[in-house]
Amino acid sequence: MSAIDLSNTISQSLDDIDETIHQKVRLGIMSALVARGESDFKFLKDTLGLTDGNLSIHLARLEEAKYVTVRKEFVHKKPHTSYEATEEGKAAFDRYLSALERIVKSGRLGK
Amino acid sequence: MLHTLDEEPRLEEAFENLRLIRETMDRSTKHSSLSGFAGLLVGVWAIAGVLVTRFCIFGNDSLVLRPGHVWPLAAVWMAVLFVSILTDFLMNKRAAAAVGKHVFSSLGARLAQAAAPAFTAGLALTGYLLANGMVAHIWGYWMLFYGLSICSVGLFSVKPVSFLGWAFVLAGAITLFLSPIAGLWMMAVTFGGFHICYGAFTGASRGEW
């Protein structure tokens, strides 16, 4: 691959980088939800090792982008909140993953 | 630090994010499949099975299988198996209900699929050994096949599950060289003791009672 092709591929890949997902905590949340499916707040908090506040902020951002949906209910009279990746969120995650893979592949070919 | 869009694109960053995705997905789908209480209870049922086998079926015989032993032996251990599976199912159901989820999940189906081949092979071999009166080494075979089954589940589970599987495989290999009576006591040590240790460890360290 020529240097120009390599540069074009990386530029194209960067265009596909979604700013909402391109953040460590939100990327972790999306990875967990895509892999496991619907998960509750405590599971996400334990899996990602986050504080309540930090997790809430990033979940709100993903919810705002319509990448996750929230379900609030009472289980045995206790409030229980769970989250699930939307189809839109899963598609955005797939695009992000493909973009990363292209960058890695381009880097390898450029060596 | 991570990831602002105005940063120079870096290959290392892409690698780092791919690693983060892989590790998080891996961690999210790990599952213990046997809770603390379930482990403790399954161990107790196994020890009860050993005691019934020793004192109610064989009595003072030195584990020499006679025609009259086959069906009681099969009945006792089928009962132990049934009660153990029921215990695990009910405990998992309880844990799922506590977070408003259904006990049947795609992950659970994958675990069952992983366990099925070795488990089925063990059942088939058991049928053959009992039908032909070859009970002397049945305990070791059970440990081996159960261990293989657990090792397969361990591929999708937390590390202690794999350790448990390997412990059964090693104990099974040793038990094949022991006398039938020592093999029966090994059943108490493995199906009883290993499960109790696993249950206590899972409950205490991971809080999964």
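Owing to the predicted nature of the structure, the values given are computational and were not obtained by experimental measurement.

> Outline the overall build of chain B, supporting the account with residue identities and numerical values.
When helices and strands are counted, chain B shows 7 helices and 0 strands. Counting from the amino terminus, helix and strand elements in chain B follow one another as α-α-α-α-α-α-α. A burial count over chain B gives 33% of its 209 residues as buried. Summarising the internal contacts of chain B: among those between residues at least 6 apart in sequence, 74% fall at separations of at least 24.

> A description of the sheet that holds strand β1 (residues 39-40) of chain A should follow, citing residues and the corresponding values.
All names here are of chain A. Sheet architecture is open: 3 strands sit in the order β1-β3-β2, paired in antiparallel fashion. Among the strands making up the open sheet, the edge pair consists of β1 and β2 (68-75). In this sheet, strand β3 (residues 78-85) lies alongside β2 in antiparallel orientation, the contact comprising 8 bridges. Across the sheet, Lys 72 pairs through a bridge with Thr 81, a residue of β3. Helix α2 (residues 24-36) rests against β1, β2 and β3 of the sheet, and its axis sits at about 90° to β3.

> So, the nonpolar core: which residues are in play, and what are the values?
Nonpolar side chains in soluble globular proteins generally cluster together in the buried interior. Counting residues in each nonpolar core, the largest one holds 37 residues, and the members touching the most others are B:Ala46, B:Trp139, B:Met143, B:Ile150, B:Phe168 and B:Met187. Counting only elements with at least two residues in this core, the list comes to α2 (36-58), α3 (70-98), α4 (106-131), α5 (138-154), α6 (159-175) and α7 (180-206) of chain B. The biggest single contributor to this core is α5(B), with 11 residues. B:Met187 has contacts with B:Ala46, B:Val50 and B:Trp139, leaving out every residue within four places of it along the chain. The next biggest cluster of nonpolar side chains, apart from the first, holds 22 residues, and it includes A:Leu27, A:Ile29, A:Ala99 and A:Ile103.

> Got a sec to walk through the environment of A:Tyr83? Specific residues and values, please.
All names here are of chain A. Take Tyr 83: it is sitting in strand β3. Among the residues examined, Tyr 83 registers 22 C-beta atoms within 10 Å and is labelled buried. Note: C-alpha distance between Tyr 83 and Lys 72 (11 residues apart in sequence) is 8.9 Å. Setting aside residues no more than four positions away along its own chain, Tyr 83 makes contact with Leu 33, Ser 39, Leu 44, Leu 59, Val 68 and Val 70.

> How would you summarise α5(B) if you had to cite specific residues and measurements?
Structurally, the α-helix is built with 3.6 residues per turn, so residues lying three or four positions apart point the same way. With 17 residues, α5(B) ought to run about 24 Å at 1.5 Å a step, and its terminal C-alpha atoms sit 24 Å apart, in line with that. By the criterion of burial, α5(B) is predominantly enclosed, with 16 of the 17 residues buried.

> Explain the packing of α2(A) against helix α1 (residues 11-28) of chain B to me, using residue names and the numbers behind them.
One way to put it is that α2(A) packs onto α1(B) with a least axis distance of 8 Å and a crossing angle of 45°. Relative to α1(B), the element α2(A) is oriented oblique. α1(B) is crossed by α2(A), and the crossing has right-handed handedness. Between α2(A) and α1(B), the residues in contact are A:Lys24, A:Leu27, A:Gly28, A:Ser31, A:Ala32, A:Ala35 and A:Arg36 and B:Asn17, B:Leu20, B:Ile21, B:Thr24, B:Met25 and B:Ser28, respectively. Split into classes, the residues belonging to the contact of α2(A) with α1(B) amount to 6 nonpolar, 5 polar and 2 charged.

> Explain unusual backbone geometry to me, and be specific about the residues and the numbers.
Its identity as a non-glycine residue notwithstanding, A:Lys66 has a phi of 65°, on the positive side. Relative to the helices and strands, A:Lys66 resides in the loop between α4 (52-64) and β2.

> I'd like to hear about the confidence of the model for chain B, residue by residue, with values.
Residue and element names in this part refer to chain B. In the predicted model, chain B carries a mean pLDDT of 83, and the fraction of residues at 70 or more is 82%. The weakest mean pLDDT in chain B belongs to α1 at 82; the strongest belongs to α6 at 94. In the predicted structure, residues 1-8 sits below a pLDDT of 50 and forms 9 contacts with residues beyond four places in sequence or in another chain. This prediction of the complex comes with two scores: 0.64 for pTM and 0.81 for ipTM.

> So what about α2(B)? Which residues, and what values?
All names here are of chain B. With 23 residues, α2 extends 32 Å between its outermost C-alpha atoms, agreeing within 8% with the 33 Å of an ideal straight helix rising 1.5 Å per residue. Along α2, the sharpest change in direction is near 30° and occurs at Val 52. Trailing α2 by a residue or two, Gly 59 shows a phi angle of about 55°, which is positive.

> A description of the packing of α5(B) against α6(B) should follow, citing residues and the corresponding values.
All names here are of chain B. Where α5 contacts α6, the two axes come as close as 7 Å, and the packing angle between them is 160°. As summarised for this structure, α5 and α6 are arranged roughly antiparallel, according to the angle between their axes. For α5 against α6, the interelement crossing comes out left-handed. On α6, the residues that touch Trp 139, Gly 140, Met 143, Leu 144, Tyr 146, Gly 147, Leu 148, Ile 150, Cys 151, Val 153 and Gly 154 of α5 are Val 161, Ser 162, Leu 164, Gly 165, Trp 166, Phe 168, Val 169, Ala 171, Gly 172, Ala 173 and Thr 175. Residues belonging to the contact of α5 with α6 are distributed by class as follows: 15 nonpolar, 7 polar and no charged.

Conventions used here
Residues numbered from 1 in each chain as written. Chains lettered and ligands numbered in written order. Predicted model: local features only at pLDDT ≥ 70, side-chain atom pairs only at ≥ 80, totals over all residues. Helix = DSSP H or I, 4+ residues; strand = E, 2+ residues; numbered from the N terminus. Buried ≥ 20, exposed ≤ 12 C-beta atoms within 10 Å, placed from the backbone. Contact = placed C-beta atoms within 7 Å. Pairing = 2+ DSSP bridges. Axes fitted to C-alpha atoms, helices over the stretch in contact; angles between N-to-C directions. Core = buried A, V, L, I, M, F, W, Y, C linked by C-beta atoms within 7 Å. Expected span 1.5 Å × (residues − 1). Parallel < 35°, antiparallel > 145°, perpendicular 65-115°, else oblique. Left-handed = near helix turned anticlockwise from the far one by under 90°. Nonpolar A, V, L, I, M, F, W, Y, C, P; charged D, E, K, R; others polar. pLDDT = per-residue confidence, 0-100. Bend = angle between axes of the 7 residues up to and from the residue.

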